[in-house]
Amino acid sequence: GENVEQHPSTLSVQEGDSAVIKCTYSDSASNYFPWYKQELGKRPQLIIDIRSNVGEKKDQRIAVTLNKTAKHFSLHITETQPEDSAVYFCAAAEDGGSQGNLIFGKGTKLSVKP
Amino acid sequence: DSGVTQTPKHLITATGQRVTLRCSPRSGDLSVYWYQQSLDQGLQFLIQYYNGEERAKGNILERFSAQQFPDLHSELNLSSLELGDSALYFCASSLLVGTGNTIYFGEGSWLTVV
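The shown structure was predicted, so the numbers you read here are calculated from the model rather than taken from an experiment. (Residues numbered from 1 in each chain as written. Chains lettered and ligands numbered in written order. Predicted model: local features only at pLDDT ≥ 70, side-chain atom pairs only at ≥ 80, totals over all residues. Heavy atoms only, no water.)

1. Observations regarding the state of the cysteines
Residue and element names in this part refer to chain B. Cut-off, in case you're wondering: In plain terms, two cysteine sulfur atoms within 2.5 Å form what is called a disulfide here. Numbered from the N terminus, helices here are DSSP runs of H or I no shorter than four residues, and strands are runs of E no shorter than two. For each residue, the accessible area found with a 1.4 Å probe, counting protein chains only, is set against the maximum for its type, and the residue is called buried under 20%, exposed over 50%, and partly exposed in between.
All chains considered together, the criterion is met by 2 disulfides over all chains. Between the sulfur atoms of Cys23 and its disulfide partner Cys91 the distance amounts to 1.8 Å. One quick way to see it: the torsion about the S-S bond of Cys23 and Cys91 is about -60 degrees, and its sign makes the bridge left-handed. You can see Cys23 sitting in strand β3 (residues 19-24) and its partner Cys91 sitting in strand β9 (residues 87-94), a full 68 residues away along the chain. Take Cys23: its relative accessible area is 0%, and that puts it in the buried class. With a relative accessible area of 0%, Cys91 lands in the buried category.

2. Some details on the sheet that holds strand β1 (residues 5-7) of chain B
All names here are of chain B. Note the following rule: Strand pairing requires that DSSP identify at least two bridges connecting the strands. Structural elements are reduced to axes, namely lines fitted to C-alpha atoms, with helices fitted over the stretch in contact, and the angle between N-to-C directions of any two is expressed from 0 to 180 degrees.
Overall, antiparallel pairing links the 4 strands, which are arranged β1-β3-β8-β7 in an open sheet. Here the strands that pair on one side only, and so sit at the sheet edges, are β1 and β7 (64-68). Adjacent strand axes in the sheet meet at a mean angle of 15 degrees, parallel and antiparallel pairs treated alike. Direction of pairing for β7 relative to strand β8 (residues 74-78): antiparallel, over a ladder of 5 bridges. Bridged to Ala66 within β8 is Leu76.

3. Description of the pairing of strand β11 (residues 108-113) of chain A
Residues and elements named next belong to chain A. Side chains Thr108, Leu110 and Val112 project from β11 onto a buried face, and the interleaved Lys109, Ser111 and Lys113 project onto a face without burial. In this structure, strand β2 (residues 10-14) lies alongside β11, joined through 5 bridges in parallel fashion. When the bridges of β11 are listed, Leu11 appears paired with Leu110.

4. Topic: the interface of chain B and chain A
We count it as follows: Whether two residues touch is decided by their heavy atoms; if any such pair falls within 4.5 Å, the residues are in contact. By definition, the buried area sums, over both parts, the 1.4 Å-probe accessible area that each loses when the two are put together. Just to be clear on terms, a salt bridge is a Lys or Arg side-chain nitrogen sitting within 4 Å of an Asp or Glu carboxyl oxygen. Each polar contact in these results corresponds to two N or O atoms within 3.5 Å; when the atoms are within protein, one needs to be able to donate a hydrogen and the other to accept it, and residues that are neighboring in sequence are counted only if both atoms are side-chain atoms.
Across the boundary between the two partners, chain B contributes 24 residues, which contact 21 residues of chain A. Summing both partners gives a buried area of about 1900 Å² for chain B against chain A, and 51% of it is carried by carbon and sulfur. For the pair chain B and chain A, the interface holds 1 salt bridge. Among the salt bridges present, the one from Glu107(B) reaches Arg43(A), with a minimum N-O distance of 3.2 Å. Where chain B meets chain A, there are 4 residue pairs in polar contact (both at pLDDT 80 or more).

5. Re the packing of aromatic side chains
The cut-off we apply is this: For Phe, Tyr and Trp, where Trp contributes only its six-membered ring, two rings pair if their centres lie within 6.5 Å, and the inter-plane angle classes them as stacked under 30 degrees, edge-to-face over 60, or tilted in between.
Inspection of every chain in the model, using the stated rule, returns 13 aromatic pairs over all chains. Between the aromatic rings of Phe89(A) and Phe104(A), the centroid separation amounts to 6.3 Å while the plane-to-plane angle is 90 degrees, which identifies the pairing as edge-to-face. Highlighted residues: Phe89(A) in strand β9 (residues 86-93) and Phe104(A) in strand β10 (residues 102-104), separated in sequence by 15 residues. Assessed through its relative accessible area of 2%, Phe89(A) is described here as buried. When the centroid spacing of 5.5 Å and the interplanar angle of 55 degrees are considered together, the rings of Tyr35(B) and Phe45(B) count as tilted. A residue pair is termed long-range when its members are at least 10 positions apart, and Tyr35(B) in strand β4 (residues 31-38) and Phe45(B) in strand β5 (residues 42-50) qualify at 10 residues. The exposure classification of Tyr35(B) matches that of Phe45(B), with both residues buried. An aromatic cluster is built from Tyr36(A), Phe89(A), Phe104(A), Tyr35(B), Phe45(B), Phe90(B) and Phe105(B), whose rings are joined through pairwise contacts.

6. A short note on the sheet that holds strand β6 (residues 56-59) of chain A
Residues and elements named next belong to chain A. Pairing is antiparallel across the open sheet formed by 5 strands, whose spatial order is β1-β3-β8-β7-β6. Both outer strands of the open sheet, β1 (4-7) and β6, are each paired with one neighbouring strand and no more. Each strand of the sheet is rotated relative to its neighbour by a mean of 15 degrees, with strand direction disregarded. Sheet topology note: the β6/strand β7 (residues 62-67) ladder contains 4 bridges and is antiparallel. Residue pairing for β7: Glu56 is matched across the bridge by Thr65.

Right under this line is the structure:
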């Protein structure tokens, strides 16, 4: 089955700096890679996703890049703000997405210091 | 509000007991997923149902079972509870199965086994 590794487990940045979180996946058939943000005690919420036919996708201060050959994808947050502080999870769709269930990385706790 | 409703929000029970967690998916969503989130294990995929049928199985213990009913709500049954079962259990739903169907999470059910 799919296995997703996520690094780093914790990340601390100064407000205004950029943050980068990296993930690798094992199943070359995986073709959908969403990122979820989870604030303390709350549900995970989708912030951006990318499909395997696209190399990069941006949404305001958030961008995701995908390297299918190397089987890794990354989340980039620019001009970080204190409200970006949360746990971020990357995920990959298992079984080439045939069912849609997601396998998640273990999360990155991002702290943005004012 | 994601539209996915989970009950109860909090539950405290003793070891050896059995509990049932309930989930109502977003209106129109046919696929339901269950995830377990404990402190150092991230989001573990348990099981997925689509239109009443089991579609994918993850790391679900034999003591756990689930089902999806004709009205599409789902229940996760946890029996012979152990201290290690204490976790946040999320239900999520998506419209269909397959790649790219956005998965929306409920607020979760906090289970504490004492």
